[in-house]
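Report on the structure
Chain by chain, the residues:
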Amino acid sequence: MLVAAALAAGIAVAALAQPAAEKYPRQPIRMVVTFPPGGSSDAVVRMLLPRLNESLGQPVIVDNRPGAGGNIGTSVIAKAPPDGYTMGVVAAGALSANSSLYAQMPFDVQKDLRPVSMLASIPFVLVGNPAVPAKTLQDLIARAKAHPGQLSVAHGGNGTAMHLSIALFSQMAGVKLVEVPYKGSGPAALDAIGGQVNLAMVDLPSALQQIRAGKLTAYAVTTPKRLSQLPEVPTMSEAGVPGYDSTGWFGVVAPAATPTGAVARMNLALTEALSDPVVQANIRNLGVEPTPGSPEELASFITSETAKWAKVIKQSNIKID
């Protein structure tokens, strides 16, 4: 989803061609982050701030608004004045899955939000306690089929991307696992290490060091391609579940009526920051992949992801009160 040079040039022309009276930005920009401080999305945004502030000539101020799977912060963005001075970082759940998970939503993604740019993707990895007899994903699937409902798998919480990744795996592999929700990926990984659960579907930052130390068995990564951080670990497709693809991601959105010039200018600033080699290295050290893109690419991706997860959620009968 990397932006082509021609696209970046086009965005630059659109942003710089504004009349002087409409020059943007003229004041600080509030960037609502829909998760608490310290998480992956928050860390990535804060890494970008020095470059964004320099590029835009105005400070970008982070405003953390966590809760309800991202719905609280996303609602703040959707209801903000559409003047270009409130935007926000929103993850996959609020942009593509929550509309199928929650009976009522405080916003409509298609009507109330305007895509600005993709930011980054977060790979997941299926791990297990080393005491689990299965050493490969095919062994694990065979064991799960032979003993349905006996293997437990932790994930980062009901309705999270990790929960949906387990649901997709169970559907595609034809297995029945005992799902155990946790408040975050870190606690799920720790209990897999401790043996309180057999398996865990967690994000890469929560498990990378434990995998390298031999405290967790890595069965497969959820991405279409192998990860540079774990080149020896196969993808789900390679390891026995052809066509499997599930990745966490987050992007920047704005209120629906935000001016095109403001969207183009922010997209250009984000693209430049995410293309900086030092910034890229710092983000990858978190276990996160920088993935800038155009507003149109993000809009298309939201549409395809929404349809994909709606089917998984319906088939697994997953609901959030």
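The text that follows walks through the structure, step by step, so that each part is easy to find. (Residues numbered from 1 in each chain as written. Predicted model: local features only at pLDDT ≥ 70, side-chain atom pairs only at ≥ 80, totals over all residues. Heavy atoms only, no water.)

1. Some thoughts on the overall build of the protein
Along the protein, the regular secondary structure elements total 13 helices and 11 strands. In terms of C-alpha radius of gyration, the protein reaches 20 Å, essentially the compact-globule figure of 20 Å for 321 residues. Each principal axis of the C-alpha distribution contributes one length, and for the protein these read about 70 × 40 × 30 Å. Taken over 321 residues, the protein has a buried fraction of 53%. Sequence separation of at least 24 residues holds for 79% of the intrachain contacts in the protein that already meet a minimum separation of 6. Only carbon and sulfur atoms are counted for the fraction: they give 56% of the accessible area of the protein, which is about 13600 Å². Treating the 24 positive side-chain charges of the protein as one cloud and the 21 negative ones as another, the clouds have centres 4 Å apart. (Helix = DSSP H or I, 4+ residues; strand = E, 2+ residues; numbered from the N terminus. Rg over C-alpha atoms; globule rule 2.2 N^0.38 Å. Buried < 20%, exposed > 50% of the residue type's maximum accessible area, 1.4 Å probe, protein only. Contact = heavy atoms within 4.5 Å. Areas by Shrake-Rupley, 256 points an atom, 1.4 Å probe, with all protein chains shown as cover. Lys, Arg positive; Asp, Glu negative; His and termini not counted. Charge placed at Lys NZ, Arg CZ, Asp CG, Glu CD.)

2. Focus: the side chain of Ser206
The topology assignment puts Ser206 in helix H9 (residues 204-212). By relative accessible area, Ser206 is classed as buried at 18%. Here Ser185 takes part through its side chain, which lies 3.2 Å from a polar atom of the side chain of Ser206. At 2.7 Å, the side chain of Ser206 forms a polar contact with the side chain of Asp203. (Polar contact = N/O pair within 3.5 Å; in protein donor to acceptor, adjacent residues only side chain to side chain.)

3. Structural notes on the packing of aromatic side chains
Under the definition given, this model contains two aromatic pairs. Aromatic side chains Tyr24 and Tyr85 sit 5.3 Å apart centroid to centroid with 50 degrees between the ring planes, which places their arrangement in the tilted category. Of this pair, Tyr24 sits in the loop between helix H1 (5-16) and strand S1 (29-33) while Tyr85 sits in the loop between helix H3 (71-78) and strand S3 (86-91), placing them 61 residues apart in sequence. Each member of the pair, Tyr24 as well as Tyr85, is classed as buried. (Phe/Tyr/Trp six-rings, centres within 6.5 Å; stacked < 30°, edge-to-face > 60°.)

4. Some details on the sheet that holds S3
If you trace the six strands from one edge of the open sheet to the other, you get S2-S1-S3-S10-S4-S11, paired in mixed fashion. Two strands in the sheet have a free side with no partner beyond their single neighbour: strand S2 (60-64) and strand S11 (289-290). As defined by bridge partners, S3 adjoins strand S10 (residues 248-255) across four bridges and the pair is classed as antiparallel. By the bridge assignment for S10, Ala91 is matched with Phe250. Strand contacts of helix H2 (residues 40-56): S1, S2, S3, strand S4 (113-122) and S10, with the helix running at about 160 degrees to S2, the strand carrying the most contacts. (Pairing = 2+ DSSP bridges. Axes fitted to C-alpha atoms, helices over the stretch in contact; angles between N-to-C directions.)

5. Thoughts on the sheet that holds strand S9 (residues 217-221)
Reading across the sheet, the five strands line up as S7-S6-S8-S5-S9 and stay open at both edges, with mixed pairing between neighbours. For this open sheet the edge positions go to strand S7 (178-181) and S9, each flanked by a neighbour on one side alone. Between one strand axis and the next, the sheet turns through 25 degrees on average, direction left out of account. Here strand S5 (residues 124-128) runs beside S9; their pairing, made up of four bridges, is antiparallel. The partner of Leu126 across the bridge, within S9, is Ala220. Sitting on the sheet, H9 touches S5, strand S8 (199-203) and S9, and the angle it makes with S8 is about 120 degrees.

Remember that the coordinates give geometry; whether it matters functionally is a separate question.
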